[in-house]
Amino acid sequence: MSTLHKYFWPAVVALLLLLMIFGGALVGLYTDWLWFKDLGYGGIFSKILLTKVGLGVVLGLLFFFVIYGNLWYARKIAPPPSPMGLEQRLLERLGRLARRGIGLVLFGGSIVISVLVGLEAATHWEDWLKFVHSTPFGATDPQFGMDIGFYVFRLPFLNYIYNWLFVALAISTIAAIAIHYADEAIEVFGNRVQFAPGVKAHLGTLVALMFFLKAWGYRLGMYQLVLGSGNLFDGASYADVHARLYALWILFFVAIIGGLLVLFNITRRGLGFATVGLGLVVGMSILAGSIYPALVEQLNVKPNELEKEMPFIKRAITATQNAYGLDQIAVRPFAAETSLTAAQVEANETTIQNVRLWDQDHLQSAYNQVQTINQYYHFQDVDVDRYWLADKASGEKRYRQVWLSAREFDQEQLASNAQTWINLHLQYTHGYGFCMSPVNEVNDEGMPTFFVSDIPPKTTVDLPLDQMGVYFGEVTRNYVFVDTNAKEFDYPAGAGTVETTYSGDEGIGIGGFFRKVLFALRFQDLNILLNQNLKSKSKVLYNREVENRVRTLFSFLQFDSDPYLVTAGGGLYWMWDGYTITDAYPYSQRSPSDATSFNYIRNSVKIVVNAYTGKVDAYSIQEPLDDPIIKTYQKMFPGAFKPISRMPAQLREHIRYPEDLFRIQTNIYRRYHQTNPTVFYNNSDLWEVASRADLTGGGGEEGSPMEPYYVIMKLPNGESEEFILMTPFIRAGKFNMVSWMCAKCDAADYGRLVLYQFPRDKNVYGPQQVAARARQDTVISQQVTLWSQQGSQVSSGNLLVVPIESSLMYVMPVYLESTSTKIPELKRVIVALGNKVAMQPTLAEALSDVVGAPVTTPESVAKPKAGVGKPSPVVPGAVASESVKRLIDQAVSQYNAAQDAQKRGDWSQYGVQVKALQKTLNELKAKAR
């Protein structure tokens, strides 16, 4: 027994090494299947795998039969050797042996090439499944009258088959010519080529098939015209329809004639007819395919471009609007008034209550400074959402816009001596809890107030907090084992810790020794075999990063740039928007993208990931736009997508219109709102998304397009406040605003797009113009200068445009950040209305200044007292404003006097002024608090 024990583990190690070298692919495949099956999506894995295997095998075998079949036939019809003497017969026997070797080489080479072709064919699994399960769009292209589904689902696979066949025939023809020449079945005498019996028929048939195949390629090329790209618009232009299309028809018939000539030439001496056929195709490709369309473009189109292209411009506008869901935008007038009354402000109190003063970057920094609790916790991202929340003290329920972020465990932040295998894979398995804060509240220190904070979580609103473990998030990159003999760290408590054991259903069971071997190979980690804390019912959790998890499951979808956190029913969830796209929508404008080119997009999938269990649910949403592509995916993968009606109501409340989709739509609409072909051609009403603007004017993002932002507001003539996503537009090459667009996010009108357009004869300030006016304001610039001289870094959030009634209010928060603590503090709010600009400690005070009368705002607008609890109501007046202005003017005067004394060399007076300035600054600092 001791001898067996002695060699047992070395044998196991040797077996593992062999499996790691040769079995990695199979191990990965099997464990992937276990993972898909555990999440309930084994059908997707099996369907893709079987389709890849089937397509690869079938097309690989067909390619082998085409290639090797032609090579075999070429060897079979090779002419017999001529009579020889004894010496020649000996050499001929050696030649037979060599030819047998060549035959094996040809056989083996054909297999290798066919395997490579099969592997490449497997990558077209999605094209094949879409071809088989295609869904009609119910709309046709304006040129050929084909259903859009033909271009999206069928044409890509037909193009692939055409290219596959052409490559197979081309390689077969070249290889056959080489074999025939080596076997002396083809001989050249001067200008004449002689063929052995059967050789000319063999090669002629192959060449004729290539001609006929080329004719099919020309036919497919006709459909590609409506998918082409152009300088003016995408799709078939006048020259395409009136020149290139005719040229393709000519080439179609010429290719057929060429093939017939080649076949006819088989029974005739020489290669005359075949040469004529080839010359016809080449010559007509140059004349009809290139020269003729170029002449039409230069001589007919360019001198009369607008007249010639007008009907095709109409096609492009209609198709692009349909493809991007821009054809149902409701266009409404917006007066863009330059004033507001106190009564109007108070009538829109929910809008004012939810004006966003904390921007994403500054708030994330604040979260990581004051709410991480320990060095290993991290807030990777903060997400904006809306909730109906009731204050625990008052019981009053309000519609609130909030920021929230998960407190994740970042294992990289553990001390190096704490990064042991047990800590990384068994104990420090998850983060804990989340933070939630209103978008517009600050405490006395200029930091955010919290609705949910600390560990264990404390809340000032009526949110249930039950399952707070974050096993799946945005930084959960490592695999972990749960339900082991080692207790998991849950969260710190005083000087100790609270421990827990994962209780979710998801996770792949470790089981016995075989499973451990598999996962040891997958993760290349021998500790999985050696660690004694793992037991038979232990589970392994991997692919825990939300983006990686979802993309692995649904590799055929595109996704928004960022999942967002939702709390519902006492748990935490990640919601992520999925897109279906294609680049094959006729006449639609391609969206500029660094990653994937497309000219059609729908947000047809909503993904929900449970942050504790990792369970993934995919919901299909067909509102407000129908999507044939998601219907095709539903046919391809039955049961993978649930109808949106099956999403729990608590989660449905947090569906929102995705930012990336809205960004794409507004980028397209800036040009394609021009529905008049003449205006479109001249770009006489071209728009741009408004540029970002901040207080300093020197930020790296200053001047780049504004990001769309969420707002709770009452739309003009609306009955109540709603959650929307909006973006302002400016005139191209200018800075003045011309309109703003919003996408509705709440259930009743989800996905509806509304454009509010300003009077054409009215000049409305854009964000950069308002920011420039704020920088030029004497009071604001002096205050910023003073802060900068005190060793603090001044920054601002992006200036936001907030429509109220028929007016536009501009809001920009101002932050101070100490060079030592690096904690951003919200110290001022700049508000602009018409020609008025004001900066005050609170939004209420700044509003009072620009409105010209005291404004009573909801309590949440006021700056609350320190600590947790309900903020104190404030009715701002003019006293605080005047005292601050007086102190600022006084400080500037003292600073200038000190500078003058320094230049004169009067150091006594310089000291007096510096002391006086210090006193004034201290008074200002007290008022800022």
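Refer to the preceding data block for the structure.
None of these values were measured; they are calculated from a predicted model.

Thresholds applied
- Residues numbered from 1 in each chain as written.
- Predicted model: local features only at pLDDT ≥ 70, side-chain atom pairs only at ≥ 80, totals over all residues.
- Heavy atoms only, no water.
- Helix = DSSP H or I, 4+ residues; strand = E, 2+ residues; numbered from the N terminus.
- Buried < 20%, exposed > 50% of the residue type's maximum accessible area, 1.4 Å probe, protein only.
- Contact = heavy atoms within 4.5 Å.
- Areas by Shrake-Rupley, 256 points an atom, 1.4 Å probe, with all protein chains shown as cover.
- Expected span 1.5 Å × (residues − 1).
- Bend = angle between axes of the 7 residues up to and from the residue.
- Pairing = 2+ DSSP bridges.
- Axes fitted to C-alpha atoms, helices over the stretch in contact; angles between N-to-C directions.
- Parallel < 35°, antiparallel > 145°, perpendicular 65-115°, else oblique.
- Left-handed = near helix turned anticlockwise from the far one by under 90°.
- Nonpolar A, V, L, I, M, F, W, Y, C, P; charged D, E, K, R; others polar.
- Salt bridge = Lys/Arg side-chain N within 4 Å of Asp/Glu carboxyl O.

*Asks:* Hey, could you go over the overall build of the protein for me, with residue numbers and the actual values?
*Replies:* When helices and strands are counted, the protein shows 26 helices and 33 strands. The buried share of the protein, reckoned over its 929 residues, is 53%. Within the protein, counting contacts between residues at least 6 apart in sequence, those at least 24 apart form 69% of the total. With the model as given, the accessible surface of the protein reaches about 41,100 Å², and the carbon-plus-sulfur share is 56%.

*Asks:* Talk me through helix α8 (residues 238–265); I want residue IDs and the actual numbers.
*Replies:* In this model α8 runs 40 Å from its N-terminal to its C-terminal C-alpha over 28 residues, within 8% of the 40 Å that 1.5 Å per residue would give. The axis of α8 is deflected most strongly, by about 30°, at Arg-244.

*Asks:* Outline unusual backbone geometry, supporting the account with residue identities and numerical values.
*Replies:* Apart from glycine, the bulk of residues carry a negative phi angle, and the bulk of peptide bonds sit in the trans form. With an omega of -10°, the peptide bond between Ile-455 and Pro-456 qualifies as cis. Backbone geometry places Asp-454, a non-glycine residue, at a positive phi of 70°. Secondary-structure assignment places Asp-454 in the loop between β10 (452–453) and β11 (458–459).

*Asks:* Pulling in residues and values, what's your account of the sheet that holds strand β13 (residues 480–482)?
*Replies:* Here we have 3 strands laid out as an open sheet, ordered β13-β17-β16, and antiparallel in their pairing. Among the strands making up the open sheet, the edge pair consists of β13 and β16 (508–509). Note that β16 and strand β17 (residues 539–541) share 2 bridges and pair antiparallel. Bridging from a neighbouring strand, Ile-508 pairs with Val-540 of β17.

*Asks:* Describe the packing of helix α5 (residues 125–132) against helix α6 (residues 148–182), with residues and values.
*Replies:* Across the interface, α5 lies against α6 with an axial gap of 8 Å and an inter-helix angle of 130°. When the interaxial angle is binned, α5 and α6 end up oblique. Considering how the two elements wind past one another, α5 and α6 form a crossing that is left-handed. Touching Asp-127, Trp-128, Lys-130 and Phe-131 of α5 are Phe-153, Arg-154, Pro-156, Phe-157 and Leu-158, all from α6. The class makeup of the residues in the contact of α5 with α6 is 6 nonpolar, no polar and 3 charged.

*Asks:* Account for the pattern of salt bridges, with residues named and values stated.
*Replies:* Applying the stated criterion to the full structure yields 22 salt bridges. Ionic pairing is found between Asp-454 and Lys-458, a salt bridge with its closest N-O pair at 4.0 Å. The exposure class of Asp-454 is partly exposed, given its relative accessible area of 23%. The partly exposed category is assigned to Lys-458, whose relative accessible area is 49%.

*Asks:* If you had to explain the pairing of strand β26 (residues 722–731) to someone new, which residues and values would you point to?
*Replies:* Counting buried positions over the 10 residues of β26 gives 9, a clear majority of the element. Here strand β24 (residues 687–689) runs beside β26; their pairing, made up of 3 bridges, is antiparallel. Following the sheet pairing, Val-689 is matched in β26 by Phe-729. For strand β25 (residues 709–713) and β26, the ladder comprises 5 bridges, and the chain directions are antiparallel. Bridge pairing in β26 places Val-711 opposite Ile-724. The pairing of β26 with strand β27 (residues 737–744) spans 7 bridges and is classified as antiparallel.

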